[in-house]
Amino acid sequence: MVLRSENLGGRVVSGAGFQLLGVVLKTVITIGSTAVLARLLAPSAFGYVAMAAVVTELAALFANFGLSNILIQRRRITRLQLDTVFWASAALGVLLALVTVGASLFASMWFRDAVVGEVLRVLCWSFVLGGLNVIPWVVLVRLMRFRTEFWLQLATMLVRAATAIVCAWAGLGLWSLVIGGLAGLLVNLVLGLAAVGYWPRRRFHLPFLAATWRTGGSYFGGGLLYYANMNLDLILIGRSLGAQSLGYYQNARSLTDEVRARIAIPLQHVLFPAFSSVLRERDRMQHMLVRSGRMLAAVVMPIGIGIAAMAPELVPVLYGSSWLPMIPVVAMLGISAAVRASCSMASVVINAHDRVARGLQLQVVGTLLMAVAIAGTVRHGLEAVAGAQAVVGLYALVPFGYALRLTGLGWRAAWSILGPPALGCVGMAAAVHSLRPVVQDVTVHPGLQLLAHALAAALCYFVVLHLLSREYLNELRTIAGRFAGRR
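Treat the numbers as computed from the prediction; the structure is a model and nothing was measured.

Draft legend 1. Structural view of the overall build of the protein chain. Counting its secondary structure elements, the protein chain contains 21 helices and zero strands. Counting every position in the protein chain, which comprises 487 residues, the buried fraction comes to 55%. Surface accessibility of the protein chain: about 21300 Å² in total, with carbon and sulfur atoms responsible for 68%.

Below is the structure:
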């Protein structure tokens, strides 16, 4: 199986188009199902699952030790290497399930709540299912079969959401979230194996694992730091403030993380094999980086800032009046998500250039900054932690600048990518703030207020962005036309 660069632009546009379509549908499903579940379940249910996720996500770092990324990055891989990674991942999945069961006791002690341990003893099965699903995912990514992956992910999310809602309606409480997650993983595994037609052979090549140890270690180190960035706040909030506060925080973070998880990360998923295949063509890579970076920032930045600006209307509409303590947390985390998502192309470029060790160093600094900020503010409550994250999120500009330098670009390119969307977002936020008293005088219904603010914000953003740079509209038309032609 060989990575090819022929018709790369068309395949990237097609892949990005399906990722964008998936973003819209998956965001609707996720936010819609969460809104329903928030009315059926107590905030503490989400808090308990978030506490358990702290343990499962740490264990998940060991699931394949970066081997899936190595398989994607290599220009040529063999069937023997696929079989080796499959059996290694499957064995690690079983081992991690056993480790998670053992860790459930310590998790209950750390969070001072026995319910966390009970949840972990069921969630351990996610590692068994996940370990079996590594190779189907790798094959789909390498072959850029994003249409197939789109349908797989959509089916998985529908099954997970529907199962959780039915279980919650039946009165299963927090277990509805656990059962829904496991049901989604099982469906994803079955459909993935069927889609790629892969069945492992009984063979194993230990020298391949040994040869990739150093690169895999760097990927693992990066994953460990990413875990710290994503879970340190949950660990400290869960221990210091309890399950209910963590439930508020987790749902606020989940809402704002949709910006990165549903848009930025899927685009990274498309571009990683694309950048890896054009490493020796600097001009082509520069053009691809600026073009994709501009489109990414133009989409994710207004979503993050828009969530922050409209949090007073958004929270009661989506979650109900019992979730109002989320409002200031959502506002702060929305700002952080906008900055970090806009700069998320950095990791793709760094990994494609095989500068994983340097990327790891940059992550270490960011993790330390985040750790100090959270540890120093958690005693002051959720709002202080969220505010600290908004400030530390600006550090994302540092690895972004390093990634640009790797491709021979400078801060002028950074401004062309981030500047116009940032100015458009300033105008958008100012418009929402100015119109809020007027809209409140016209209607008291939160849904109508949210609709009015969203329309005004979108209009203001697109007008400012178009005045600053008309290339954005032309680029969107080109991408939409090419995707429609390939579909």
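Draft legend 2. Quick look at the nonpolar core. With 91 residues, the main nonpolar core has Tyr249, Tyr319, Trp323, Met326, Val330 and Phe400 as its most contacted residues. Broken down by element, this core gets its largest block of residues, ten residues, from helix α11 (residues 213–277). Discounting residues that sit within four places of it in the chain, Tyr319 has contacts with Thr34, Ala38, Arg39, Asn251, Leu255 and Met326. With eleven residues, the next largest nonpolar core counts Val134, Val139, Leu140 and Leu152 among its residues.

Draft legend 3. Up close: a nonpolar patch on the surface. A contiguous nonpolar patch, built from Val36, Leu40 and Trp169 and spanning about 330 Å² of accessible area, is present on the exposed surface. Considering the arrangement of structural elements, one finds Val36 in helix α1 (residues 8–40). With relative accessibility at 36%, the residue Val36 sits in the partly exposed group.

Draft legend 4. Seen up close, the environment of Tyr402. If you trace the backbone, Tyr402 turns up in helix α18 (residues 397–406). Sequence spacing of Tyr402 and Ser347 is 55 residues, and the spatial spacing of their C-alpha atoms is 10.0 Å. With residues up to four places along the chain from it excluded, the contact list for Tyr402 reads Ile350, Arg355, Arg358 and Leu362. A polar contact is formed between the side chain of Tyr402 and the side chain of Arg355, at a distance of 3.5 Å.

Draft legend 5. A look at the packing of aromatic side chains. Inspection of the entire model under this criterion finds five aromatic pairs. Here the aromatic rings of Phe46 and Trp323 are separated by 5.7 Å at their centres, their planes lie at 80 degrees, and the arrangement is edge-to-face. Here Phe46 is found in helix α2 (residues 43–60), whereas its partner Trp323 is found in the loop between α13 (311–319) and α14 (327–342), with 277 residues between them in sequence. Aromatic pair Tyr248 and Trp323: ring centres 5.6 Å apart, planes at 90 degrees, arrangement edge-to-face. Linking Tyr248 in helix α11 with Trp323 in the loop between α13 and α14, this pair joins segments that are 75 residues apart in sequence.

Draft legend 6. Structural view of helix α15 (residues 345–352). With respect to burial, α15 is a largely interior element, six of its eight residues being buried. Where α15 terminates, the next one or two residues include Asp354, which has phi positive at roughly 60 degrees.

Draft legend 7. Fine view of unusual backbone geometry. Backbone geometry places Arg112, a non-glycine residue, at a positive phi of 60 degrees. Note that Arg112 resides in the loop between α4 (79–111) and α5 (114–123).

Draft legend 8. Region of the structure containing the confidence of the model for the protein chain. Here the protein chain shows a mean pLDDT of 79. Residues at 70 or above account for 77%. Across residues 1–11, confidence stays below pLDDT 50; counting only partners more than four residues off in sequence or on other chains, it has 34 contacts.

Draft legend 9. Representation of the side chain of Thr377 in the model. Considering the arrangement of structural elements, one finds Thr377 in helix α16 (residues 356–377). A relative accessible area of 18% places Thr377 in the buried class.

Draft legend 10. Spatial organisation of the packing of α4 against α5. For the pair α4 and α5, interaxial distance at closest approach is 7 Å and the crossing angle is 160 degrees. For the element pair α4 / α5, the angle class is roughly antiparallel. Crossing hand, α4 versus α5: right-handed. Contacts between α4 and α5 involve Thr100, Val101, Ser104, Ala107, Ser108 and Phe111 from the former and Ala114, Val116, Gly117, Leu120 and Arg121 from the latter. Taken together, the residues of the contact of α4 with α5 sort by class into six nonpolar, four polar and one charged.

Draft legend 11. Quick peek at α13. The set of residues buried in α13 consists of Ala311, Glu313, Leu314, Val315, Leu318 and Tyr319. Gly320 occupies a position one or two residues after α13 and carries a positive phi of about 100 degrees.

Draft legend 12. Spatial organisation of the pattern of salt bridges. Evaluation of the coordinates by the stated rule reveals two salt bridges. Notably, a salt bridge pairs Arg253 with Asp233, separated by 3.2 Å at the nearest N-O pair. One exposure class covers both Arg253 and Asp233, and it is buried. Among the salt bridges present, the one from Arg436 reaches Glu313, with a minimum N-O distance of 2.9 Å. Separated by 123 residues along the polypeptide, Arg436 in helix α19 (residues 411–442) and Glu313 in helix α13 bring together distant segments of the chain. Each of the two residues, Arg436 as well as Glu313, counts as buried.

Draft legend 13. Up close: the environment of Ser104. Looking at the secondary structure, you find Ser104 in helix α4. Exposure remark for Ser104: the relative accessible area of 2% places this residue in the buried category. Along the sequence, Ser104 and Ala114 sit ten residues apart, while their C-alpha atoms lie 8.8 Å from each other. Residues in contact with Ser104, not counting those within four places in the same chain, are Gly117, Leu120 and Arg121.

Draft legend 14. Summary view of the packing of helix α6 (residues 125–132) against helix α9 (residues 175–196). Their axes nearest at 9 Å, the elements α6 and α9 cross at an angle of 20 degrees. In this view, α6 runs roughly parallel relative to α9, as classed from their interaxial angle. For the element pair α6 and α9, the recorded crossing hand is left-handed. Across the interface between the two elements, Trp125, Ser126, Leu129 and Leu132 of α6 pack against Leu182, Leu185, Leu186 and Leu189 of α9. Class assignment of the residues belonging to the contact of α6 with α9 gives a composition of seven nonpolar, one polar and no charged.

Draft legend 15. Quick peek at the state of the cysteines. Taken as a whole, this structure holds zero disulfides when the rule is applied. For Cys425, which is in no disulfide, the shortest distance to another cysteine sulfur is to Cys460 and amounts to 9.8 Å.

Draft legend 16. Just the side chain of Ser108, in detail. One can find Ser108 in helix α4. Residue classification places Ser108 among the buried positions, given a relative accessible area of 15%. If we skip the residues at most four places from it in the chain, Ser108 touches Asp113, Ala114, Val116 and Gly117.

The rules behind the values
Residues numbered from 1 in each chain as written. Predicted model: local features only at pLDDT ≥ 70, side-chain atom pairs only at ≥ 80, totals over all residues. Heavy atoms only, no water. Helix = DSSP H or I, 4+ residues; strand = E, 2+ residues; numbered from the N terminus. Buried < 20%, exposed > 50% of the residue type's maximum accessible area, 1.4 Å probe, protein only. Areas by Shrake-Rupley, 256 points an atom, 1.4 Å probe, with all protein chains shown as cover. Core = buried A, V, L, I, M, F, W, Y, C linked by side-chain atoms within 4.5 Å. Contact = heavy atoms within 4.5 Å. Patch = residues over 30% accessible without salt bridge, like charges linked within 9 Å, V, L, I, M, F, W, Y side chains within 5 Å. Salt bridge = Lys/Arg side-chain N within 4 Å of Asp/Glu carboxyl O. Polar contact = N/O pair within 3.5 Å; in protein donor to acceptor, adjacent residues only side chain to side chain. Phe/Tyr/Trp six-rings, centres within 6.5 Å; stacked < 30°, edge-to-face > 60°. pLDDT = per-residue confidence, 0-100. Axes fitted to C-alpha atoms, helices over the stretch in contact; angles between N-to-C directions. Parallel < 35°, antiparallel > 145°, perpendicular 65-115°, else oblique. Left-handed = near helix turned anticlockwise from the far one by under 90°. Nonpolar A, V, L, I, M, F, W, Y, C, P; charged D, E, K, R; others polar. Disulfide = S-S within 2.5 Å.

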